[in-house]
Amino acid sequence: GQSLEQPSEVTAVEGAIVQINCTYQTSGFYGLSWYQQHDGGAPTFLSYNALDGLEETGRFSSFLSRSDSYGYLLLQELQMKDSASYFCAVTYSSASKIIFGSGTRLSIRP
Amino acid sequence: DSGVTQTPKHLITATGQRVTLRCSPRSGDLSVYWYQQSLDQGLQFLIQYYNGEERAKGNILERFSAQQFPDLHSELNLSSLELGDSALYFCASSITGLAGDETQYFGPGTRLLVL
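All figures in this text were calculated on a predicted structure; none of them were measured in a lab.

Draft legend 1. Highlighting the overall build of chain A. When you go through chain A residue by residue, the secondary structure sums to 0 helices and 11 strands. Element order for chain A, N to C, with α for helix and β for strand: β-β-β-β-β-β-β-β-β-β-β. Relative to the globule expectation of 13 Å for 110 residues, the C-alpha radius of gyration of chain A, 13 Å, shows essentially globular dimensions. Dimensions of chain A along its principal axes, counting C-alpha atoms only, are 45 × 30 × 20 Å. Relative to its 110 residues, chain A shows a buried fraction of 50%. Long-range contacts, defined as pairs at least 24 residues apart, comprise 56% of the intrachain contacts of chain A with a sequence gap of at least 6. Total accessible area on chain A is roughly 5100 Å²; 48% of this is exposed by carbon and sulfur atoms. Of the charged side chains in chain A, 6 are positive and 10 negative; the average position of the first set lies 5 Å away from that of the second.

As structure tokens, this is what we get:
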């Protein structure tokens, strides 16, 4: 079937770097997106990878490797406000499906 | 503020009842998406509309239906409600929704509690 897997929880220290992985068992999608969701809030778009490689947006970077069925979100210079859940998602070529991973809860400690 | 509005913010109802959730997309966006997020769960895509027409369907139950009106606002109708329908329902919008690389802008959500 089509699924995306992410670690359920990750803990990191303020100022450090953390990588959140997303592995998938699917094909034929446009690309991989990442969303951030704070507790009680709405998801907000972070990044999108249509092609293999690294996309950088400020402190956040996202990577996709279609050959390895793998992607990740890299957060640098972690701040307490980065404590949130992070979701990867794929949108299919036909746009008939949008599938989200179950999310990774990132906790930042001082 | 994403520019997407949803009403009501909270809704409490009983099993067997019917409710309507409303969404107004960002100005200029033609596509609207509906998602369900249960407690501690990821987002489940329900349905997408583009300029008034249904474009894509996800895991939407037959008890649920949606539509997008000429002014582009959308409504999600949930009927014969069950306890398991209690969840946060998000609406999102994007410019066209025709390409996989479009950013979706999410509304604040409607929290539904079925008792």
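Draft legend 2. Up close: the overall build of chain B. Summing up its helical and strand segments, chain B has 0 helices and 11 strands in all. Listing every helix and strand of chain B by position from the N terminus yields β-β-β-β-β-β-β-β-β-β-β. Against the 2.2 N^0.38 benchmark of 13 Å for 115 residues, chain B shows a C-alpha radius of gyration of 13 Å, consistent with a compact globule. Structurally, chain B occupies a C-alpha span of about 35 × 25 × 25 Å along its principal axes. Taking the contacts inside chain B whose residues are at least 6 apart along the sequence as the reference set, 55% of them involve residues at least 24 apart.

Draft legend 3. Broad picture of unusual backbone geometry. Here the bond from Thr7 of chain B into Pro8 of chain B is cis, since omega is -10°, no more than 30 degrees from zero. As for its position among the elements, Pro8 of chain B is in the loop between strand E1 (5–7) and strand E2 (10–13). In the Ramachandran plot, Glu77 of chain A falls in the positive-phi region, its phi being about 45° despite a non-glycine side chain. Located in the positive-phi region is Leu72 of chain B, a residue other than glycine, with phi close to 80°. Structurally, the position occupied by Leu72 of chain B is in the loop between strand E7 (64–68) and strand E8 (74–78). Judged by its relative accessible area of 15%, Leu72 of chain B falls in the buried class.

Draft legend 4. Molecular detail of the state of the cysteines. Residues and elements named next belong to chain A. Counted according to the given criterion, the structure contains 2 disulfides over all chains. Each sulfur in the disulfide pair Cys22 and Cys88 lies 2.1 Å from the other. Of note, the bridge from Cys22 to Cys88 carries an S-S torsion of about 75° and is right-handed in sense. Placement of Cys22 in strand E3 (residues 18–25) and of Cys88 in strand E9 (residues 84–92) is noted, with a sequence separation of 66 residues between them. Note on accessibility: Cys22 and Cys88 belong to one class, buried.

Draft legend 5. The arrangement of the pattern of salt bridges in detail. Counted according to the given criterion, the structure contains 5 salt bridges over all chains. Among the ionic pairs, Arg105 of chain A bridges to Asp39 of chain A, the shortest N-O distance being 3.1 Å. Separated by 66 residues along the polypeptide, Arg105 of chain A in strand E11 (residues 104–109) and Asp39 of chain A in the loop between strand E4 (29–37) and strand E5 (44–49) bring together distant segments of the chain. Accessibility expressed as a relative area gives 35% for Arg105 of chain A, which makes it partly exposed. Close ionic contact of Arg63 of chain B with Glu82 of chain B constitutes a salt bridge, the shortest N to O distance being 3.7 Å. Of this pair, Arg63 of chain B sits in the loop between strand E6 (53–57) and E7 while Glu82 of chain B sits in the loop between E8 and strand E9 (87–94), placing them 19 residues apart in sequence. Where salt bridges share partners, they join Arg63, Glu82 and Asp85 of chain B into one cluster.

Analysis parameters
Residues numbered from 1 in each chain as written. Chains lettered and ligands numbered in written order. Predicted model: local features only at pLDDT ≥ 70, side-chain atom pairs only at ≥ 80, totals over all residues. Heavy atoms only, no water. Helix = DSSP H or I, 4+ residues; strand = E, 2+ residues; numbered from the N terminus. Rg over C-alpha atoms; globule rule 2.2 N^0.38 Å. Buried < 20%, exposed > 50% of the residue type's maximum accessible area, 1.4 Å probe, protein only. Contact = heavy atoms within 4.5 Å. Areas by Shrake-Rupley, 256 points an atom, 1.4 Å probe, with all protein chains shown as cover. Lys, Arg positive; Asp, Glu negative; His and termini not counted. Charge placed at Lys NZ, Arg CZ, Asp CG, Glu CD. Disulfide = S-S within 2.5 Å. Salt bridge = Lys/Arg side-chain N within 4 Å of Asp/Glu carboxyl O.

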